[in-house]
Amino acid sequence: DSGVTQTPKHLITATGQRVTLRCSPRSGDLSVYWYQQSLDQGLQFLIQYYNGEERAKGNILERFSAQQFPDLHSELNLSSLELGDSALYFCASSAGQGPPDTQYFGPGTRLTVL
Amino acid sequence: GEDVEQSLFLSVREGDSSVINCTYTDSSSTYLYWYKQEPGAGLQLLTYIFSNMDMKQDQRLTVLLNKKDKHLSLRIADTQTGDSAIYFCAESGFNQGGKLIFGQGTELSVKP
């Protein structure tokens, strides 16, 4: 158990809908990261927040947004969902802003868009 | 741009050594990592190496880094069936926060 929790574990929804994925980092960690894992794209970095502020951004679609709240939990919002958004979404957390801090990964949320 | 490449599959016999290879393109990489993903689970950090090191050993794991060729390898000694998993190589670039660029993953199958 990494100490990072993600809810829900599974999510099934329809195209055009909007969903929110939630992540609670390990106690004391200030950074939260979001990654998308799909068969065709592999594991892709989406975005990082550090202590409430955006720290680094990857290939995150405009339809996707994230935020980190004062209690340090984070939410990833996915809107106007498309079939291609079906993937495993991982959250990770680390103590500091970047390397060599270890990123601890949660178990993921599996999103299926029908 | 940044790219990390790995071979997709490796099959070994229990007790043999496994060597998983990775190449990367970003010459500003600061740290290189090996993660393990078991079925239905998140990623678990196995080890990492700073880009100015050549080698790092951690129990059964040995990481070799050839910075000139941008080649990283992970050797697992005395491979066990419990080592069967997908292994990801990842790199972090200079001044990019905690962003990790991952390879496609190498599926290691250990046969008894």
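Here, the structure is the one placed above.
Below, the structure is looked at part by part. (Residues numbered from 1 in each chain as written. Chains lettered and ligands numbered in written order. Predicted model: local features only at pLDDT ≥ 70, side-chain atom pairs only at ≥ 80, totals over all residues. Heavy atoms only, no water.)

**Considering the packing of aromatic side chains**
To keep things clear, this is the line we draw: Ring pairs are drawn from Phe, Tyr and Trp, using the six-membered ring of Trp, whenever the two centres fall within 6.5 Å, and their geometry is named by plane angle: stacked under 30 degrees, edge-to-face over 60, tilted for the rest. Secondary structure elements are defined from DSSP: runs of H or I of at least 4 residues count as helices, runs of E of at least 2 residues count as strands, and each element is numbered from the N terminus. For the exposure calls, accessible area comes from a 1.4 Å probe over protein chains only, and a residue counts as buried if that area is under 20% of its type's maximum, exposed if over 50%, partly exposed in between. In our convention, an over-ring charge means Lys NZ or Arg CZ found within 6 Å of a ring centre and within 35 degrees of that ring's normal.
Within the structure shown, the criterion is met by 14 aromatic pairs over all chains. Their ring planes at 40° and their centres at 5.9 Å tell us that B:Tyr33 and B:Tyr48 sit as a pair that is tilted. Here the residue B:Tyr33 occupies a position in strand β4 (residues 31–37), and B:Tyr48 occupies one in strand β5 (residues 43–50), the gap between them amounting to 15 residues. On the basis of relative accessibility, which here comes to 2%, the residue B:Tyr33 falls in the buried class. Measuring from ring centre to ring centre gives 6.1 Å for B:Phe88 and B:Phe102, while their planes differ by 90°; the resulting arrangement is edge-to-face. Here B:Phe88 is found in strand β9 (residues 85–92), whereas its partner B:Phe102 is found in strand β10 (residues 101–102), with 14 residues between them in sequence. As far as the burial class goes, B:Phe88 and B:Phe102 line up, both buried. A network of ring pairs unites the aromatic residues A:Tyr35, A:Phe45, A:Phe90, A:Phe105, B:Tyr31, B:Tyr33, B:Tyr35, B:Tyr48, B:Phe50, B:Phe88 and B:Phe102 as a single cluster. One Lys or Arg, B:Lys56, reaches over the ring of B:Tyr48 and ends 4.2 Å from the middle of that ring.

**What about the environment of B:Ser28?**
Residues and elements named next belong to chain B. Convention followed: Contact criterion: two residues are considered in contact whenever any of their non-hydrogen atoms come within 4.5 Å of each other. Polar contact criterion, stated in full: a pair of N or O atoms within 3.5 Å, where within protein one must be able to donate a hydrogen and the other to accept it, and residues adjacent in sequence count only if both atoms are side-chain atoms.
By the secondary structure assignment, serine 28 is in the loop between β3 (18–24) and β4. Overall, serine 28 belongs to the partly exposed group, its relative accessible area being 31%. Aside from chain neighbours lying at most four places away, what touches serine 28 is Ser92, Gly93 and Phe94. At a separation of 2.8 Å, a polar atom in the side chain of serine 28 contacts the side chain of aspartate 26.

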